[in-house]
Amino acid sequence: MRMLQPGLCSVTFRSLTPQAVIDLAAANGIKAIEWGGDVHVPPGDLENARQVAARTAEAGLSVSSYGSYIFAPDFTPDDVTAVLETAGALGTRHIRIWPGSRKRPSTEYSAAERRDATQALATIADRANDCGMTIGLEYHPNSLTDTLPSAKQLAQDLPMSNLFFYWQPAPGLPLEEALAEISALGPRICHLHVFAWLSDASRLPLADRAEYWRACVDALPEGDWKKPAFAMLEFVKGDDAGQFAEDAAVLTDILYRI
């Protein structure tokens, strides 16, 4: 079992300002924020990134990671430079990357296309390593981590020491299958994205899936990830701040066994 701290993905509240996200996180026992590159911290705006970093630190929070929206292999070298520089300005050494083209399931890739995507990810990891940074691959439907066999193949083809995997269940994934994924990828998992969704993507209070997540957290082994690890809330029912407060309390109970 690995010790995890409660975190928050800023994309949970895209409509809020960075300061409002920080205030909400600090008021509900969150320890770190993964800042998203789509709204709150766009790549290349280094002054904004520095300001968000300073405000996050002033609230007693850390920046767990930079949630980039690079889709490998659909990027340019300048895209990677902007993301690396923005992560540095945020004060984090960890960047989330999407494996594969946007909204494309792994079953649609030819062998050559998959090789190209894998090489693109290796290139990003090498550039990150030159900057002393680590990479975490999103674990998500319609990507090259949308099935366990595909994710395991990526792990085999990308053995570099600075490349890791996030983990989250596909909506409605049975617990037995979730535990099989964690068992297979556990040593390479860096952080968890936590939410409670049914298979049709409708959202539930986290309390309704507390035992599911407790089992997943208990199953996460120690591994190659040596930095602080976070279970980060990502999306809540109704995008509601009150629901977030309830979910944060449930997550804290899961992680700290209060």
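Here we summarise the structure given alongside this text. (Residues numbered from 1 in each chain as written. Predicted model: local features only at pLDDT ≥ 70, side-chain atom pairs only at ≥ 80, totals over all residues. Heavy atoms only, no water.)

Attention now moves to the packing of aromatic side chains. Across all of its chains, the model carries eight aromatic pairs by this definition. Judged by centre distance (5.4 Å) and plane angle (40°), the ring pair of Phe71 and Trp98 falls under tilted. In this pair, Phe71 sits in strand β3 (residues 62–72) while Trp98 sits in strand β4 (residues 94–99), placing the two residues 27 residues apart along the sequence. Judged by its relative accessible area of 10%, Phe71 falls in the buried class. With a centroid separation of 4.9 Å and 80° between ring planes, the pair formed by Phe164 and Trp225 is classed as edge-to-face. One end of the pair, Phe164, is in strand β6 (residues 163–167); the other, Trp225, is in the loop between α7 (210–219) and β8 (230–233), and 61 residues separate them in sequence. You can call Phe164 buried: its relative accessible area is 5%. Overall, the relative accessible area of 5% leaves Trp225 in the buried class. Here the basic side chain of Arg96 rests over the ring of Tyr69, its NZ or CZ set 5.5 Å away from the ring centre. Across from the ring centre of Tyr109, 4.3 Å away, lies the NZ or CZ of Arg104, which sits over that ring. (Phe/Tyr/Trp six-rings, centres within 6.5 Å; stacked < 30°, edge-to-face > 60°. Helix = DSSP H or I, 4+ residues; strand = E, 2+ residues; numbered from the N terminus. Buried < 20%, exposed > 50% of the residue type's maximum accessible area, 1.4 Å probe, protein only. Lys NZ or Arg CZ within 6 Å of the ring centre and 35° of its normal.)

Glancing now at the pairing of β8. By the alternation rule, side chains of β8 split into Phe230 and Met232 and Ala231 and Leu233, which are all buried. In terms of strand pairing, strand β1 (residues 5–9) meets β8 through four bridges, oriented parallel. The partner of Leu8 across the bridge, within β8, is Leu233. (Pairing = 2+ DSSP bridges.)

On to the side chain of Glu234, then. The topology assignment puts Glu234 in the loop between β8 and α8 (241–256). One buried charged residue, Glu234, remains without a salt bridge, the closest side chain of opposite sign being Arg96 at 5.3 Å. Side-chain polar atoms of Glu234 contact the side chain of His193, separated by 3.5 Å. Not counting chain neighbours up to four residues away, the residues in contact with Glu234 comprise Cys9, Val11, Thr12, Gln168, His193, Val194 and Phe195. (Lys, Arg positive; Asp, Glu negative; His and termini not counted. Salt bridge = Lys/Arg side-chain N within 4 Å of Asp/Glu carboxyl O. Polar contact = N/O pair within 3.5 Å; in protein donor to acceptor, adjacent residues only side chain to side chain. Contact = heavy atoms within 4.5 Å.)

Moving on to the sheet that holds β3. Sheet strands pair by backbone hydrogen bonding; their relative direction is either parallel or antiparallel. The strand order around the closed barrel built from eight strands is β1-β2-β3-β4-β5-β6-β7-β8, with neighbouring strands paired in parallel fashion. Taken pair by pair, the neighbouring strands of this sheet meet at an average axis angle of 30°, ignoring direction. The sheet contacts of α8 involve β1, β7 (189–194) and β8, and relative to β1 the element is tilted by about 145°. (Axes fitted to C-alpha atoms, helices over the stretch in contact; angles between N-to-C directions.)

Moving on to the packing of helix α1 (residues 18–27) against helix α2 (residues 46–58). Contact pair α1 / α2: the axes reach a minimum separation of 10 Å and the direction vectors enclose 20°. On the basis of their axis angle, the class for α1 and α2 is roughly parallel. When you trace α1 past α2, the crossing you get is right-handed. In this structure, α1 uses Pro18, Gln19 and Ile22 to contact α2, whose residues at the interface are Val52, Arg55 and Thr56. Broken down by class, the residue content of the contact of α1 with α2 amounts to three nonpolar, two polar and one charged. (Parallel < 35°, antiparallel > 145°, perpendicular 65-115°, else oblique. Left-handed = near helix turned anticlockwise from the far one by under 90°. Nonpolar A, V, L, I, M, F, W, Y, C, P; charged D, E, K, R; others polar.)

For α8, which comprises 16 residues, the first-to-last C-alpha distance of 22 Å matches the rise-based estimate of 22 Å (1.5 Å per residue) to within 8%. Of all the residues in α8, the buried ones are Gln243, Phe244, Asp247, Ala248, Val250, Leu251, Thr252, Ile254 and Leu255. Next to the buried residues of α8 lie β1, α1, β7, α7 and β8. Among the residues of α8, the N-terminal cap falls to Asp240, whose side-chain oxygen and the backbone nitrogen of Gly242 are separated by 3.0 Å. Downstream of α8 by a residue or two, Arg257 has a phi angle that is positive, lying close to 55°. (Expected span 1.5 Å × (residues − 1).)

Below, the discussion takes up the pattern of salt bridges. Tallying each qualifying case throughout the model produces ten salt bridges. Between Glu211 and Arg214 there is a salt bridge whose closest N-O contact spans 3.5 Å. Of this pair, Glu211 and Arg214 both sit in helix α7, separated by three residues, roughly a single helical turn. On the basis of relative accessibility, which here comes to 55%, the residue Glu211 falls in the exposed class.

None of the figures reported here should be taken as evidence of function without further support.
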